[in-house]
Amino acid sequence: MAAAFTVRGPFTSMRRLVSSRHRYRPCCPRVQAAARPVVVVVPRGLPAALPQPRRCFRTSYAAGGPVLQFKLSDIGEGIMEVTVKEWYVKEGDKVSQFDSICEVQSDKASVTITSRYDGVIRKLYYDVDTIALVGSPLVDIETDPGHEVAPEKDVVETPAVSLDEHTHQEIKGLKTQATPAVRRLAMENNIKLSEVLGTGRDGRILKEDILNFLSKQTGAILPHQEIRPPPPPLTPAPAALSKPREKGLPSAPQPVAPKPVFTGKDHTEPLKGFHKAMVRTMTAALKIPHFGYCDEVDVTQLARLRADLKDVAKARGVKLSFMPFFIKAASLGLLHFPILNASVDEGCQNITYKAAHNIGLAMDTSQGLLVPNVKNVQVLSVFDIAVELNRLQALGASGQLGTADLTGGTFTLSNIGSIGGTYAKPVILPPEVAIGALGKVQILPRFNSKDEVVKAHIMNVSWSADHRIVDGATMSRFSNLWRSYLENPAAMVLDLK
Amino acid sequence: MLRRGALVRAVSCPSSHASTLSSLFRDRGESGVILKSSSTDVYENLAVEDRIHELVDLRGGGILFLWRSASAVVIGRHQNPWQECDLRLMARLGVPLARRRSGGGAVFHDLGNVNATFFTSRGKYDRRRNLAVLTGALKTLSPRLDVRATERFDVVLGGAHKVSGSAAKLGRSGAYHHCTLLCSADRAALASVLKSGVRGLRSNATPSVPSPVRNLTDEDPALDCDAVTEAVAAQYNAEFGFSGPVLPVDPGDEAFLPGVRQAAAELRAWDWVYGRTPRFSVRTSFGASGGSVTVDVVVRSGVVESCAADAPPGWLPPRVAEGFCSALVGSRFRPAEMKTAHVMIGNRIPLHSWLENLVCGIMPDFINLNLTRALI
């Protein structure tokens, strides 16, 4: 019994003072006249005057004994991993030696893991239904000071005497099991453990057994001690059972309240997956200085053309919409204005004119906004583009778009008009430099060349471009060219490559 | 529940105090102790297993416990009863459900099935050796029988049909390994009962691995329960070098096995059998006028943790749906408690039938809902 001063303080500083896991300065909870020189341990940050030594200094932050890692012991049969199925303790619980800590399962065998030490659970290493490896730490237990540290090796039956017998009192050849606290109690009361009937597991003697024995002997009422019944091995402890059930609804018909009562609650959750990706992309995109340019396209003739060709395409098994025409026209325009099919690096130092026209399509899928692209539009025919679009749409609908389809785009078109809207302000998808958003096709009155009011199919287009490298004039000319192809599809045939 | 007449306890007890199994084992454990249950109540027999596991210090010997039980379904420690068996059918047939403390899958017990539990210390835990006892015993009775143990610790007949399954429990110092043996079980009942009665159930509970089974008597009529029981006992002695006789044990004998009645009561309790189920969720969906109705129930420790109902507003007003859900939350997932969820509904909505379907589809037995109908 060396130290006469108790030590309080943050546990981390205590740990620093402990040179290794298994050696520690025993701090006795009792006051003992210190005949030997006292070892005073003062962690930094404590007031200079230490508190008077006293008993029972175990509070939640008391510097207790060392924190021992309790490893998952060998199960036998060469089993290397198990599934943790149920925890019987949580962090902060007090456990005694031999209390059940958790239940693990390995291929039809259910194993109850019991604690090797008395102490407080400090950390659980696994969640329910996760796989634990044999030999890895299961829990951290902060043991009581003064506790005899049991040997590290687990209880394994060997032909010789097994190791845990060191902690058992051997009486008349029978091994009586009792925790150190119980043994101390018996010793204080001059009771022989062999005379006490144990009612715990494996005939283990519990504190209650000692107390019962004493009361039987003396017939006196013992001084009040908190008697806690031994925890049963498997304690069903369903959580959240205390929530009071709302007693249904009144039996009489309720009159309609004049004011609706809003019982909604705010709901916060972290952004994950698709939303997180969108945050990243858009933050990067809006660092690009955009400028917008909008125009109106008369697609009456295109509509007629499409109507004619729809059945032909259907006969070939392909659904033909307006998009293949828009995409091909854009590609033809990009041949004349290659700067719109370029890419700049991070610091805007170098510009790369891309050879391939990989035109992306903004697609609204069940996973959210995705932009797959059609590769090498410059060598595809309108029909080929339609085939490719069908394929991408099918993949998008089933959520199976792959990285090959989703990367490598050089220019983007967004057909937001298929859902609705006229003018938009699209956001460029880095590392591209331009994007177009197509509004819906409306049937509006327009003047024709003969000054007559005719029905026209009008679609609006909104372009955005990177103003660091593209100027308004380029965008305007590109848009005019694109528009001319669509307003007069016959002209497209002339330039089709 | 069959109980044979008077109890015959330990054959000879040198000590003068009441004879318990622990003391019996201390005296005779080295020559092996074989116990045979005189009860066919599944809970009592499982309670005997628990008490032997808890009370007896098995170093220096072993115990074999042989028992049979009347029709019952026994699921493993971490399984989900709604997922493993048809609770409604079992209620109708009067087949009880028990949850054992060892792991593994769901099995059907009846009087044509023999159970053998091998108790050893942790160090001597060896499932292969135990299965060798079983196959050895069967081969002694019927030398041409093609039985062998598999890697999954089953015993198969003719390489294809399972005649025995096993599960194990390891404690701090002792362990047990128990196995079934299908001698002449009711295979039709087995197949019909071990089927989930609930659709739309999602859980992480241990699933069972179904296998085709066969009775030993189908192969050789001499392999009935009594013959097999005797052969297993004899083979146990031969394998481990023991010489103990077969002792009958009465699971109601509190003196022999202290705490056995309490253990049986715990095993019967709803909180253990159903309440121990790992968290799971059930989603029921069906059509109603104006759309479809979906109800999502999440159950944890046998208690409804959350409930969400989605129904067309014309069919069930959202306020009513919310009221229904919040009434269910916190109640145990069993008929008597779900019954007290009073719901206000409109008179044109056939709520009774759908609610009954929902709750009955996932309830162990039929319920009688008290629904307050109100005119809106």
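Rules behind the numbers
Position numbers for residues start from 1 in each chain and track the written sequence from start to end. Labels follow written order: the first chain is A, the first ligand is 1, and so on. Owing to the predicted nature of the model, reporting of local features is limited to residues with pLDDT of at least 70; listing and counting of side-chain atom pairs is limited to 80 or more, with chain, interface and lining totals taken over all residues. Heavy atoms from the whole structure form the basis of all side-chain values; hydrogens and water molecules are not counted. A run of DSSP states H or I qualifies as a helix once it reaches four residues; a run of E qualifies as a strand once it reaches two. Both are numbered from the N-terminal end. Only protein chains enter the calculation, and the probe is 1.4 Å; a residue is then buried if its accessible area is under 20% of its type maximum, exposed if over 50%, and partly exposed in between. Here, residues are in contact when the closest pair of their heavy atoms is within 4.5 Å. Only the protein chains shown count as covering a residue, and every accessible area follows the Shrake-Rupley method with a 1.4 Å probe. Here the rule is simple: two strands pair whenever DSSP picks up at least two bridges between them. Fitted lines through C-alpha atoms give the axes, limited to the stretch in contact for helices. The angle between two N-to-C directions lies from 0 to 180 degrees. Criterion for a disulfide: a pair of cysteine sulfur atoms at a distance within 2.5 Å. Pairing of aromatic rings covers Phe, Tyr and Trp, the last counted by its six-membered ring, and requires centre-to-centre distances within 6.5 Å; plane angles under 30 degrees mean stacked, over 60 mean edge-to-face, and any other angle means tilted. Charge over a ring is defined by NZ of Lys or CZ of Arg lying within 6 Å of the ring centre and within 35 degrees of the ring normal. In protein, a polar contact means a hydrogen-donor-capable atom and an acceptor-capable atom, both N or O and within 3.5 Å, with residues adjacent in sequence counting only if both atoms are side-chain atoms; elsewhere, any N or O pair within 3.5 Å suffices. The term nonpolar core refers to a set of buried residues drawn from Ala, Val, Leu, Ile, Met, Phe, Trp, Tyr and Cys, joined through side-chain atoms within 4.5 Å. For this document, the term salt bridge refers to a Lys or Arg side-chain nitrogen within 4 Å of an Asp or Glu carboxyl oxygen. Should an angle fall under 35 degrees it is taken as roughly parallel, and over 145 as roughly antiparallel, whereas 65 to 115 is taken as roughly perpendicular and any remaining angle as oblique. Take the far helix as your reference; a near helix turned counterclockwise from it by less than a right angle gives a left-handed crossing, and one turned clockwise gives a right-handed crossing. Residue classes follow a fixed rule: Ala, Val, Leu, Ile, Met, Phe, Trp, Tyr, Cys and Pro count as nonpolar, while Asp, Glu, Lys and Arg count as charged, and any other residue, Gly among them, counts as polar. In predicted models, pLDDT denotes the confidence assigned by the predictor to each residue on a 0 to 100 scale.

## A short note on the overall build of chain A
Move 1: Secondary structure assignment for chain A yields 10 helices and 20 strands.
Move 2: Residues classed as buried in chain A amount to 39% of the 497 residues present.
Move 3: Pairs at least 24 residues apart make up 63% of the contacts formed inside chain A by residues separated by at least 6 positions.

## As for the overall build of chain B
Move 1: A count of helices and strands for chain B gives 13 helices and 18 strands.
Move 2: Within chain B, the fraction of its 376 residues that count as buried is 58%.
Move 3: Sequence-distant contacts in chain B: of pairs separated by 6 or more residues, those separated by 24 or more amount to 72%.
Move 4: Looking at chain B as shown, the accessible area adds up to about 15000 Å², and 51% of this sits on carbon and sulfur atoms.

## Things to note about the sheet that holds strand β9 (residues 161-164) of chain B
Whenever strands of a sheet pair, they do so through backbone hydrogen bonds, lying parallel or antiparallel.
Residue and element names in this part refer to chain B.
Move 1: The strand order across the open sheet built from three strands is β7-β8-β9, with neighbouring strands paired in antiparallel fashion. Unpaired on one side and paired on the other, β7 (147-149) and β9 mark the two borders of the sheet. Adjacent strand axes in the sheet meet at a mean angle of 35°, parallel and antiparallel pairs treated alike.
Move 2: Where strand β8 (residues 155-157) meets β9, three bridges bridge the pair, whose relative direction is antiparallel. Each residue of the ladder has a partner; that of Val 155, found in β9, is Ser 164.

## Describing helix α1 (residues 21-28) of chain B
Move 1: A large share of α1 of chain B lies buried, amounting to six of its eight residues.
Move 2: The inward-facing, buried residues of α1 of chain B abut β1 (33-37), α2 (42-55), β2 (63-67) and β13 (246-249) of chain B.

## Structural notes on the environment of Gly 408 of chain A
Residue and element names in this part refer to chain A.
Move 1: With respect to the helices and strands, the residue Gly 408 is situated in the loop between α8 (403-406) and β18 (411-414).
Move 2: Along the chain, Gly 408 and Glu 432 lie 24 residues apart, while their C-alpha atoms are 9.7 Å from each other.
Move 3: Those residues within four positions of Gly 408 in sequence are excluded, and the remaining contacts are Asn 358 and Asn 373.

## Overview of the pairing of strand β20 (residues 453-466) of chain A
Residue and element names in this part refer to chain A.
Move 1: The buried fraction of β20 is high, at 10 of 14 residues.
Move 2: As paired elements, strand β11 (residues 290-298) and β20 share nine bridges and run antiparallel to each other. By the bridge assignment, Phe 291 is partnered in β20 with Ala 465.
Move 3: Direction of pairing for strand β19 (residues 434-447) relative to β20: antiparallel, over a ladder of 12 bridges. Within β20, the position partnered with Pro 445 by the bridge is Lys 455.
Move 4: Where β19 folds back on β20, the antiparallel hairpin that results is connected by five residues, among which Asp 451 adopts a positive phi of roughly 65°.

## Some remarks on the state of the cysteines
Residues and elements named next belong to chain B.
Move 1: Under the defined criterion, the tally for this structure stands at zero disulfides over all chains.
Move 2: No disulfide involves Cys 225; its nearest neighbouring cysteine sulfur is the one of Cys 183, lying 4.1 Å away.
Move 3: Given the relative accessible area of 6%, Cys 225 is considered buried.

## Some thoughts on the packing of aromatic side chains
Move 1: The final tally for this structure, using the stated rule, is 17 aromatic pairs over all chains.
Move 2: A ring pair is formed by Phe 322 of chain A and Phe 326 of chain A, whose centres lie 6.0 Å apart and whose planes are at 20°; its orientation type is stacked.
Move 3: Between Trp 463 of chain A and Trp 482 of chain A, the ring centres sit 5.1 Å apart and the planes meet at 80°, which makes this aromatic pair edge-to-face. With Trp 463 of chain A in strand β20 and Trp 482 of chain A in helix α9 (residues 472-487), the pair connects residues that are 19 residues apart, well separated along the chain.
Move 4: Among the residues examined, Trp 463 of chain A registers a relative accessible area of 1% and is labelled buried.
Move 5: The rings of Phe 322, Phe 326, Phe 337, Phe 411, Trp 463, Phe 478 and Trp 482 of chain A are connected pair by pair, giving a single aromatic cluster.
Move 6: For the cation-ring pair, Arg 127 of chain B lies above Phe 153 of chain B, with the distance from its terminal atom to the ring centre recorded as 3.9 Å.

## Quick notes on the environment of Arg 483 of chain A
All names here are of chain A.
Move 1: One can find Arg 483 in helix α9.
Move 2: Here the alpha-carbon distance between Arg 483 and Val 299, two residues 184 residues apart in the chain, equals 8.9 Å.
Move 3: Side-chain polar atoms of Arg 483 contact the side chain of Asp 295, separated by 3.4 Å.

## Comments concerning the sheet that holds strand β3 (residues 72-75) of chain B
All names here are of chain B.
Move 1: Pairing in this open sheet of three strands is mixed, and the strands run β4-β3-β5 from one edge to the other. Two strands lie at the open edges of the sheet, namely β4 (97-99) and β5 (107-109), each paired on one side alone. Geometrically, the sheet is characterised by an average inter-axis angle of 30° between neighbouring strands, direction not taken into account.
Move 2: Bridging between β3 and β4 involves three bridges; their strand directions are parallel. Opposite Val 73, over in β4, you have Leu 97 as the bridge partner.
Move 3: Here α2 sits on the sheet and contacts β3, β4 and β5; the angle it forms with β4, its principal contact strand, is near 10°.

## Remarks on the nonpolar core
Move 1: Core analysis: the biggest nonpolar cluster contains 67 residues, and Leu 21, Leu 35, Ile 52, Ile 63, Val 73 and Leu 97 of chain B have the highest contact counts within it.
Move 2: With near-sequence residues (within four places) excluded, Leu 35 of chain B lies in contact with Leu 21, Ile 52, Ile 63, Leu 64, Phe 65, Leu 66, Leu 247 and Val 249 of chain B.
Move 3: Formed by 49 residues, the second largest nonpolar core is a distinct cluster that contains Val 299, Leu 370, Trp 463 and Leu 486 of chain A.

## Overview of the side chain of Ser 22 of chain B
Move 1: Structurally, Ser 22 of chain B can be placed in helix α1.
Move 2: Ignoring any residue separated from it by four or fewer positions in sequence, one finds Ser 22 of chain B in contact with Leu 55 and Val 56 of chain B.

## Digging into the pattern of salt bridges
Move 1: A full pass over the atoms with the stated rule returns 26 salt bridges over all chains.
Move 2: Among the salt bridges present, the one from Arg 283 of chain B reaches Asp 296 of chain B, with a minimum N-O distance of 2.7 Å. Taken as a pair, Arg 283 of chain B in strand β14 (residues 280-288) and Asp 296 of chain B in strand β15 (residues 291-300) lie far apart in primary sequence, 13 residues in all.
Move 3: Exposure remark for Asp 296 of chain B: the relative accessible area of 18% places this residue in the buried category.
Move 4: What you see here is one network of salt bridges that share partners, running through Glu 86 and Glu 103 of chain A together with Arg 77, Lys 169 and Arg 276 of chain B.

## Observations regarding the side chain of His 178 of chain B
All names here are of chain B.
Move 1: Structurally, His 178 can be placed in strand β11 (residues 174-182).
Move 2: A relative accessible area of 8% means that His 178 is categorised as buried.
Move 3: Side chain to side chain, His 178 and Glu 49 meet in a polar contact 2.9 Å long.
Move 4: In this structure His 178 touches Glu 49, Arg 100, Ser 102, Ala 116, Thr 117, Gly 165, Ser 166 and Ala 167, once residues within four positions along its chain are discounted.

## Re the packing of helix α5 (residues 127-141) of chain B against helix α8 (residues 225-240) of chain B
Residue and element names in this part refer to chain B.
Move 1: With their axes 8 Å apart at the nearest point, α5 and α8 run at an angle of 125° to one another. As judged from the angle between their axes, α5 and α8 are oblique. Along this stretch, α5 crosses α8, giving a crossing that reads as right-handed. Where α5 abuts α8, its residues Arg 129, Asn 130, Val 133, Leu 134, Gly 136, Ala 137, Leu 138, Thr 140 and Leu 141 lie against Ala 227, Val 228, Ala 231, Val 232, Gln 235, Tyr 236, Glu 239 and Phe 240.
Move 2: Its residues assigned to classes, the contact of α5 with α8 comprises 11 nonpolar, four polar and two charged.

## Observations concerning the confidence of the model for chain A
Move 1: Within chain A, residue pLDDT values average 75, and 71% of them lie at 70 or more.
Move 2: Per-residue pLDDT stays below 50 along residues 219-251 of chain A; that stretch engages in 42 contacts with residues further than four places along the chain or on separate chains.

## Remarks on the packing of helix α6 (residues 323-336) of chain A against helix α7 (residues 382-397) of chain A
All names here are of chain A.
Move 1: Look at α6 against α7: their axes get within 9 Å of each other, and the N-to-C directions meet at 120°. When the interaxial angle is binned, α6 and α7 end up oblique. In this structure, the crossing between α6 and α7 has a hand that is right-handed. Contacts between α6 and α7 involve Met 323, Pro 324, Phe 325, Ile 327 and Lys 328 from the former and Val 382, Ile 385, Ala 386 and Leu 389 from the latter.

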